Structure formats: C-alpha cells, structure tokens
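Here's the letter readout for the chains.
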Amino acid sequence: MSTLEIRDLQVSVKLPEGELKPILAGVDLTVKAGETHAIMGPNGSGKSTLAYSIAGHPKYEITGGSVTLDGVDVLELSVDERARAGLFLAMQYPVEVPGVSVANFLRTAKTAIDGEAPKLRTWAGELRGAMEKLQMDPAFAQRNVNEGFSGGEKKRHEIMQLELLKPKIAILDETDSGLDIDALRVVSEGVNRVRETGETGFLLITHYTRILRYIKPDFVHVFVGGKIVEEGGPELAERLEAEGYEKFLTRA
Amino acid sequence: MTTEAIAPPSTKSQVLRSFDVADFPALNGLEEEWRFTPLKRLRDLVTATSLTGAAPSREYGDLPAGVTVSDADDVDPVLTPFDRVSALAYGSAAGVTVIEVAAEAEPAEAAVIRLVGKGGDAAAARTFVKVGNFAKATIVLAQTGSVTLADNIEVVVGDSAQLTFVTLAEWDRDAVQAQHVKLRVGKDARVQHVQVTLGGDLVRQFTSVEYTGRGGDAELWGLYFADAGQHQEHRQLVDHSVPDCRSHVAYRGALQGASAHTVWVGDVLIRAAATGTDTYEINRNLILTDGARADSVPNLEIETGEVAGAGHASATGRFDDEQLFYLMARGIPEAEARKLVVRGFFAELINKIPVGELRERLGDAIEARLVEAGS
C-alpha cells in the first residue's frame, strides 16, 4: 500500500523578474492508497501550487519541508521520474501538443510508466475500452493531444490517462472546472472506477463541493493562505457548502 | 482634388529579368534580395561569370509508366532569371535534364530521381519538369552529396494536371547551393511542392510561381532544420496575374546550435487583373537552443481589392516548456518528449509527402538531428 507524505512543505513561485513569492506556508498531509482527500479552498489559496509543486513544475521552488512517496524523496526526482514513481497530476488546463496523436501519446506514456511497450495484442482493446467507458468517440485517438478539445474532452482525456496509467497517487486539480453536469458525471465515474481498485490514493483539489456529490471524500481539508486550516470528514464539505469560506478567511 | 489614384511602386513585378549574367550588377550583399545571405560562403557562385564544374550525377531506378527522363540541349525557358546567380546557372548549364509525365498519365508510384554531387569545382545545372494535361503524378528529386551548385528547376504543370513535387536537399554538410524553382501552373491545375532542407553549409532556394489560366492552385510546403553553422534560406514569389487562382505557402523550420541561421521571405503579388485570388502564407520557426537565428519576412502586395482571401502570418518561438512538462508528467523522459514535440511540429508537412517510406525516413532523420545535438 502506497503512502504520500507531505511534511511542512513550503513553496514559492518564481516570478519573471527572478524574485520568489512565497505561496505554501507549511503543508502537512498524508495520503494513502485507497483514500480520497478533498482539498478545498478559495481562489488564490495555493491549492494548485500544492499540486504542481508535487508534480515538479519548474515554475515553483521548494523552500522547505519534504514530500516522500513510500519513503522515496520525491523532491529529488525529475518530473518524469516522479510520474514513473507513481505520481499522476490531472491538470486543470491540459496542454496542446500539435502533431502528436492521442494514440501515440498514450502508448508512449504507457511505455514510459510500465518500463516496457504495451502488448500490441491487448493494447488496442485496452485503449478502446478506456475510451468507451468515458464515452469518447473512437476517432478521438487520431486527434492531436488536446488540440481543439472542448473543456469536457480535455478532462475526459485526463481521466482516461488516469485509468490507463494506474498511478499510486493521483492529484486531480480542479477536474470539475468547465464541466457541464453530464460530463462531470462521466468523469466522476471514471475516478470512482479507479478508487474501487483500492490501489490509488487521491488528492482532489476543488473550489466547489459539486464534484464531491459524485466522488465521496474520506477526508476534507480546508486550504487558506497556503496551508491547511481545518480538517474533517465529508460533513466538513457540507458545512463549506452552506457557510462558504468567509469564516476561515478572517481567521487566516 | 484629384480622382486619379496614385499606385504605389510595384517592386516585385518590376525586377530586372535576364538570361545573361552580365546584365546583373555584381553582388555586394547590400541588395534587399541578398541582405540575409553570407555571400562569401556562396564561394564562386557570387563572382564567376561561368561555371565549369561537373553537375550532380543523375541516378534513378525503374520509373513508373508514363514518366520519362531524358537529356536535351535546350528547352524553351519557363523561367527568366531575376537574380545574378540564377542567370549564371542558366548560362553555364551544359544541358537540360528533362523529366516528363505524359498527358493523362497517372503513374501509380512516385518517380524518384537522385541528384548526387561529387564535389569539385562550382557547377551549374538545369532541370525541366513537364507534366502533361490531365496527368496526375508524384516526382521526388533527392539531392545528396557534396556540391557548389547554382541550378534552375523549371516545372510546367499542364491544364487540369496534378503534381506533387518533392525536393529534398540532403546535401553533405559542406555543400553550397543556390537554387531557383519556377512553377508554371496551368488552368485548373494543381501543384503541391514540398521542399525539404536538412543538409548543406549554405542552401538558398527561391521558388516562384506563375499561373497561365483560371483555377490554378499552388501549395508550397517547406520543412527545414538548421544545425550549428548552417544557413538555410527560402524565398518565394507567388505572382497572381490571372483571376480565380489559389496559393498556400506554409514553411516550418527548427533551429539548434550556435549561429544556425534560417531565412524565410514569402512574397505574394496579386496584380490588378487577378480578381478572386485566394492566398495565404505562413512561416513558423522553433528555436531549440540559444545562439540560433530565424529571420522571417512575409510580404503581400495587392493591386486589387476584389480578392477571395489574402493573409499572412509568421511566428518564431522557443520550445514550449509547458508542453514538455505535460509530457514529462506522464512519465516520458525529457529527450523523448522533445522528439515528440518536434516530430509533431513537422507532422503536418511530412504528411503532405505521398510516399510512406520517405515520410518515415524524414521523421527519423529529424529525430537523429535532435539526438546528435543532445537537445
């Protein structure tokens, strides 16, 4: 069973002029396989910084603390090594890669993660199956990665990767943003299929409680001013729904 | 108040044209047409008044039915040279290689002709491609080896004919070439020129297009990749003088290494008579490392307001770090992620080549260049 341990994590964003602007002010969080943690907070609280700094985006600089996955120092690894170690980040704004087909991209990623090329015999079926489950047209595989995708298509494509790559820890950054209710349901079902395996731990970052009606979190953390200010079970999400973040903002 | 319109000077339609090199003034590098070109590296092509070296040798296997290759002493010219080096090539070429596709022929396979440079003194060459009316063919000219070469290629695409013309400059690293490709497009004819430049020390290719009847369609696709020290220059002049013709120019280049230099200058001229013209030109450059330089200049000269479409675009940028992050966040190592992005950048162009084997080879050649540079 895998465990992601985040201890006193402090992160700054690198500004264009080279200055550092502190964002995360000491985050402590433990995510185990089979668990789903929701991180909720207002805009600008540092939720996405947490996601991207764990994945290793070069825009962020770690100024203190540690992140380990099953005891391995994640912060020492390059972006691709982190992914191969079992981390996955579903992005809020997936990037277009012109001229690279979804099929080619997915096969390349699967090969990198597994350390060997998927078996030709079974891969086509696996890919088709993953696309069907997310209600994606087969022609999708021949389109260029994220190029001209609608908001819903981009998110379904992210969750399709989650299902195919089977990470140990998955961070979903505002996966619910820009989705209509049907797409939200399809995407949530995909996440739930992976949860049911019990082999992946989830960090679900969201601003709204809407997605939590479809993906029931085990733990809810309220994120304000670059750190966790309140923790609880699913009932905390309901309180936030009713009361909003104001109370936490004044305290922070 | 005057109602008389004052026409702006139409530079592109008034350039000096001559078959005689002596009619052109000596080049000093300050001319608009030559200002990006390092003249010294053109060797004798700049100063000579005749070239006596051996032209690249011509090699080909079985040609598909309907395609013939022959020698001729002379052919009625389609191109009247409009620069000194092109005139020099015209005057010095010992004969003409004639590639002909018979009228109404539709060869199933591409005709592949290799031009192999064997080094030696500066040389001149002339190639004439004639595609008969209603024919439909693919011709590949693969240029390899070592040369100092000035050459002209004239292409006549007959009425309602369709030609895919692929020219590959895969010269050795020390080669120097100044080439002119002239496309004459017939009524309702369609030509797709795919110009690939990977090799050479200095390669300068000028492509010009003219139309002889309505409904002509010319697509110019270019792919180039310059490594440290290489100069690759591509210029086009599409001359719309006939109504209702179309042109589409799209060149893409990648650059890596110190003083890799590429130049793209796209000129489109829409004359007063050419109503209903539809034209678009775009150049994109991907700068992979520091120290490389891409010049990109689109020009559009329009003498009539009655066009169907006229646009141009140019964009030169560095490697997109967000693309790299996205791919690496899926476990793909950096070197492989870069290969994917660069291959993707060229995919649209490579897919214009209707020869699968060649598409694959070019994709691999581009990847190999990335690996060699370790970028």
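Residues numbered from 1 in each chain as written. Chains lettered and ligands numbered in written order. Predicted model: local features only at pLDDT ≥ 70, side-chain atom pairs only at ≥ 80, totals over all residues.

A. Broad picture of the pairing of strand β4 (residues 111–118) of chain B. Residue and element names in this part refer to chain B. Both strand β1 (residues 57–59) and β4 contribute to a ladder of three bridges, which runs antiparallel. Within β4, the residue paired with E59 across the bridge is R114. Pairing between β4 and strand β6 (residues 136–146): eight bridges, direction parallel. Within the sheet, the bridge partner assigned to V116 lies in β6 and is T144. (Pairing = 2+ DSSP bridges. Helix = DSSP H or I, 4+ residues; strand = E, 2+ residues; numbered from the N terminus.)

B. Focus on unusual backbone geometry. Positive phi outside glycine occurs at Q135 of chain A, with the angle close to 55 degrees. When you line up the elements, Q135 of chain A lands in the loop between α4 (120–133) and β8 (144–145). The class of Q135 of chain A is partly exposed, set by 14 C-beta atoms lying within 10 Å. Of note in this structure, F134 of chain B is not a glycine but carries a positive phi near 65 degrees. Following the sequence through the fold, F134 of chain B ends up in the loop between β5 (123–131) and β6. (Buried ≥ 20, exposed ≤ 12 C-beta atoms within 10 Å, placed from the backbone.)

C. Examining the environment of T148 of chain B more closely. All names here are of chain B. With respect to the secondary-structure elements, T148 resides in strand β7 (residues 148–157). For the pair formed by T148 and V176, sequence separation is 28 residues and the distance between their alpha carbons is 4.7 Å. Residues contacting T148, with those up to four places away along its chain left out, are R43, D44, L45, G53, A122, A123 and V176. (Contact = placed C-beta atoms within 7 Å.)

D. Structural view of the sheet that holds strand β5 (residues 72–73) of chain A. Residue and element names in this part refer to chain A. If you walk across this open sheet you meet the four strands as β2-β1-β4-β5, and the pairing is antiparallel. On the outer flanks of this sheet lie β2 (20–32) and β5, each paired with one strand and no other. Bridging between strand β4 (residues 60–69) and β5 involves two bridges; their strand directions are antiparallel. Along β5, the bridge assignment pairs L69 with V72. Across the face of the sheet, helix α1 (residues 47–55) comes into contact with β1 (3–14), β2 and β4 while running at roughly 70 degrees to β4. (Axes fitted to C-alpha atoms, helices over the stretch in contact; angles between N-to-C directions.)

E. Up close: the sheet that holds strand β12 (residues 227–232) of chain A. Residue and element names in this part refer to chain A. Spatial strand order, β6-β9-β10-β3-β11-β12: six strands in an open sheet with mixed pairing. The open sheet has two free edges, formed respectively by β6 (87–90) and β12, since each of these has just one partner strand. Across the sheet, the axes of successive neighbouring strands diverge by a mean angle of 20 degrees, strand direction being ignored. For strand β9 (residues 169–173) and strand β10 (residues 201–206), the ladder comprises five bridges, and the chain directions are parallel. Across the sheet, the residue bridging to I171 is L203, located in β10.

F. Structural context of the UniProt feature "domain: SUF system FeS cluster assembly SufBD core" (unreviewed entry) in chain B. Mapped onto the present numbering, the UniProt feature "domain: SUF system FeS cluster assembly SufBD core" (unreviewed entry) falls at residues 120–345 of chain B. For residues 120–345 of chain B, helix accounts for 9% and strand for 61%, while the C-alpha atoms at its two ends are 37 Å apart. (UniProt positions renumbered as here; feature names shortened; annotations may be inferred.)

G. Broad picture of the interface of chain B and chain A. At the interface, 20 residues of chain B touch 19 residues of chain A. Breaking the side of chain B that touches chain A down by element, the ones donating at least two residues are α3 (321–328) and α4 (334–350) of chain B. Its residues assigned to classes, the side of chain B that touches chain A shows 11 nonpolar, three polar and six charged. (Nonpolar A, V, L, I, M, F, W, Y, C, P; charged D, E, K, R; others polar.)

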